[in-house]
Each structure stands twice: as C-alpha cells, then as structure tokens.
Amino acid sequence: MLQQALSSVGFQCLLAHTGREAFQLASGGPIDLAIVDFHLPDGPAEELVRALQGVHPGILLLGIPPDNDPDNPVIPTLGMQGAITKPFYLPDLVPYIAALLGADVPSLAEVFPEEPETLEEAAIKPPPPRKSTRSVPWLENAGRAGVWLEKLSAENSTLACLITHGGELHAGAGSLSREKLSLVARRVSQMWAETPGGAIAQYVRLPPENEEIFLYSISLAMNYDLTLLFDRKTSLSVARRRAKAFEKALDQPPATGTLRRITGDLAALRHKTGELLSPRRKTGELSGGKRRTGNLPPTKPTDDHGS
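Analysis parameters
What you see as residue numbers is a count from 1 along each chain, following the sequence as written. Predicted model: local features are reported for residues with pLDDT of at least 70 only, side-chain atom pairs are reported and counted for 80 or more only, and whole-chain, interface and lining totals are derived from all residues. Note: side-chain values were computed over all heavy atoms of the structure, leaving out hydrogens and water. DSSP bridges decide pairing: two strands pair if at least two such bridges lie between them. Strands are runs of DSSP state E lasting at least two residues, helices are runs of H or I lasting at least four, and both sets are numbered from the N terminus onward. Contact criterion: two residues are considered in contact whenever any of their non-hydrogen atoms come within 4.5 Å of each other. Fitted lines through C-alpha atoms give the axes, limited to the stretch in contact for helices. The angle between two N-to-C directions lies from 0 to 180 degrees. Each helix crossing is assigned a hand: it is left-handed if the near helix lies turned anticlockwise from the far helix by less than a right angle, otherwise right-handed if that turn is clockwise. Gly counts as polar in this scheme, as do all residues outside two lists: the nonpolar Ala, Val, Leu, Ile, Met, Phe, Trp, Tyr, Cys and Pro, and the charged Asp, Glu, Lys and Arg. Definition used for salt bridges: Asp or Glu carboxyl oxygen within 4 Å of a side-chain nitrogen of Lys or Arg. With a 1.4 Å probe rolled over the protein chains alone, any residue whose accessible area is under 20% of its type maximum counts as buried; one over 50% counts as exposed, and the rest are partly exposed. Nitrogen and oxygen atoms within 3.5 Å of one another constitute a polar contact, given that in protein one can donate a hydrogen and the other can accept it, and given that sequence-neighbouring residues count only through two side-chain atoms. For crossovers, right-handed means that the path from the first strand over the helix to the second runs clockwise, given strands pointing away from the viewer.

Participant: Explain the sheet that holds strand β1 (residues 33–37) to me, please; I cannot follow it from the model alone.
Facilitator: Remark on secondary structure: sheet strands pair via backbone hydrogen bonds, oriented parallel or antiparallel. Spatially, the 3 strands line up as an open sheet ordered β1-β2-β3, and their pairing is parallel. Taken across any chain shown, the strands that pair with only one partner, and hence form the sheet edges, are β1 and β3 (82–83). In this structure, β1 lies alongside strand β2 (residues 60–64), joined through 5 bridges in parallel fashion. Of the residues in β2, the one forming a bridge with Leu33 is Leu60. Where helix α3 (residues 45–55) meets the sheet, it contacts β1 and β2, and its direction lies at approximately 170° from that of β1. Strands β1, β2 and β3 of the sheet are contacted by helix α5 (residues 90–101), whose axis makes an angle of about 155° with β2.

Next comes the structure, spelled out in structure tokens:
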C-alpha cells in the first residue's frame, strides 16, 4: 500500500519482504530513504539498519517500531530520522516523506482525480471518528448478516469479509475458514483499539501458509466493524470503493425468509409426506416388531360369551 502511494506521486520505490532482500536492493545502487518495519521475518531490524547505514552513510531512515509506539527509544538510539505507525494515513504520510527528501511532489488528490471528493477531503481534514453512529438493527441477527456478506462478497470480488461486534467475530463469508476469520477478527479488534482514524489498511499474514493478504476495515455501523480481505496486489483505491459498496448496501438487508429457505422447503416436504404428523416409529412399527403396510395384527380369540 505504501509503495503504491509513493510510486503514484513520482518516487522510485523498491519493496523488500525480508531484511536480506532489503540489503541486496540497497547494495545495488543509491538509496535516499528507507522505511524499516521492525517485524522482519528473518532477523533483527537493528542489524539491517546498521547495515544500510554502512552501505549508504547519508541514508534517511524511518522505522515502524515493534510496539507501534512512535516514541520508542530504539528509533533515536539507532540514529533514525523518525517513526511511523500503522495504519498509515497516506494524505499526511506522503507529504511528510517528500519533505524529508526535499522533493516537490503532487498530492494524492491530484494523482487520483477519479476520487476527488474522498481524497481532497482527506487531504484537508483529519480522519473521521472511528465509530459510526448509524443504527442498523437487522445486523444484530448474525444469520442475516452472514447472508448479506455472502452476496456482497461475491459481487465485489473479495477473498473474504467479516463483521466484528464487541471485538468478536459476528458474521463472515468468503474462502477463508471460520478459524482464520476468527483470527482476523481478533487482529482487527486490536488494530481498532489503537486507531483514531476512520479506516484501517494493512497487509497481514495468516498461518499456517503465511500467505500475505491486504486487509481494509471500516466502522460499518454503531458497534459493528466491517473488514474486507483482498489479494495482496489490490490497490487501496479499489479496496476503498469496495467498502463503500458494502456501506451503501446496508439499506438492502436480506429478506427474513432467505435464512430458512432450505429448512423451510425441507419441512414442507416432510409435512406433505406425513413425516411431521407421524410418530418416530414408521407406520406399522409397534413395540414388538415390524409389519408391512396392509398386514393387520391378528385378532384376539374370544369365547362364546364374547369375553
């Protein structure tokens, strides 16, 4: 996401997924600035920072600290120029990086004219409040919310989507298992606890495959957050448009009968065949044994007095 934003305003931006890959890229030519995430998969970020400083003594360095704390003392200790925290608020972050480099670059609103309202507003005012105040009573029904997500997920080409409520998974849909959706729900809840803005955009890795996916989360309604999961190559603007489509669809809840259609059809069939009206034993099954339909039980012999 950050690479896409910086490249869009004119920077030549290289992306490395490991410390080793980053050092190889930096050794191949001049690098003016590096943003180092301290959660590297192959070793301590401190070692990479010192290695980069050794190859390029004048390099500018920004760190994403291990605890997401901009005041973490490791940043000045390593001689880095500053810290940035997740999630990134791009309308502020891009000009901040441009200022460090002394570069004159266009704003994101100028680069993406197809979304002028969103980007221009974002560039001149702080993020909106985290929590939506919109009341959507039908979302309380997890079954209806799940049906709604299934429909919207298919229409908007998401890998998966989920709604969280009170920090827990409320409903989900898509190609991920319930276990992975629950894991994403917990992570998203932690992110929202630290995020004042109106949206979260992050790359995350899910075990056991450790596949990287793009996560975009918004406050959907009062006490309900929506998270969309995409292929890692999905752009931020696409994710934002998909989230807006979900928001607009809040006015189109699934019909109540949708949830029980299959169960209702089955019940109607059973009622038609008499299964709902008969006892547990099949017709003709008495406490002793089984008789075929039409075989009457033998009559009890009587005496001449009719006793």
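Participant: When you look at the packing of helix α8 (residues 142–156) against helix α10 (residues 236–248) in this model, what are you seeing that I'm missing?
Facilitator: In contact at an axis separation of 11 Å, α8 and α10 are set at 145° when each is read in the N-to-C sense. Every pair of crossing elements has a handedness; the one defined by α8 and α10 is right-handed. Contact residues: α8 offers Trp148, Leu149, Leu152, Ser153 and Asn156, while α10 offers Arg242, Ala245 and Phe246. Residue composition of the contact of α8 with α10, grouped by class: 5 nonpolar, 2 polar and 1 charged.

Participant: Where do I start with the pattern of salt bridges in this structure?
Facilitator: When the charged atoms of two side chains with opposite charge come close together, those side chains can pair. This structure, assessed with the given rule, holds 5 salt bridges. Notably, a salt bridge pairs Lys180 with Glu209, separated by 2.7 Å at the nearest N-O pair. Placement of Lys180 in helix α9 (residues 178–193) and of Glu209 in the loop between β6 (199–206) and β7 (211–221) is noted, with a sequence separation of 29 residues between them. On the basis of relative accessible area, Lys180 is assigned to the buried category, the value being 18%. Where Glu212 meets Arg205, a salt bridge forms, and the shortest distance between an N and an O atom there is 4.0 Å. A cluster of three or more residues bridged by salt bridges with shared partners is formed by Arg205, Glu212 and Arg232.

Participant: How should I be thinking about the side chain of Asp37 in this particular structure?
Facilitator: Relative to the helices and strands, Asp37 is located in strand β1. A polar side-chain atom of Asp37 sits 3.0 Å from the main-chain amide nitrogen of His39. Not counting residues up to four positions away in its chain, the partners in contact with Asp37 are Ala45, Ile64 and Lys86.

Participant: Mind showing me how you'd approach the pairing of β1 here?
Facilitator: Sheet faces and side chains relate simply in a regular strand, where the side chains alternate between the two faces. Judged by how many residues are buried, β1 sits mostly within the fold: 4 of 5 residues are covered. Assessed by its sense of winding, the connection that carries the chain from β1 through α3 to β2 is right-handed.

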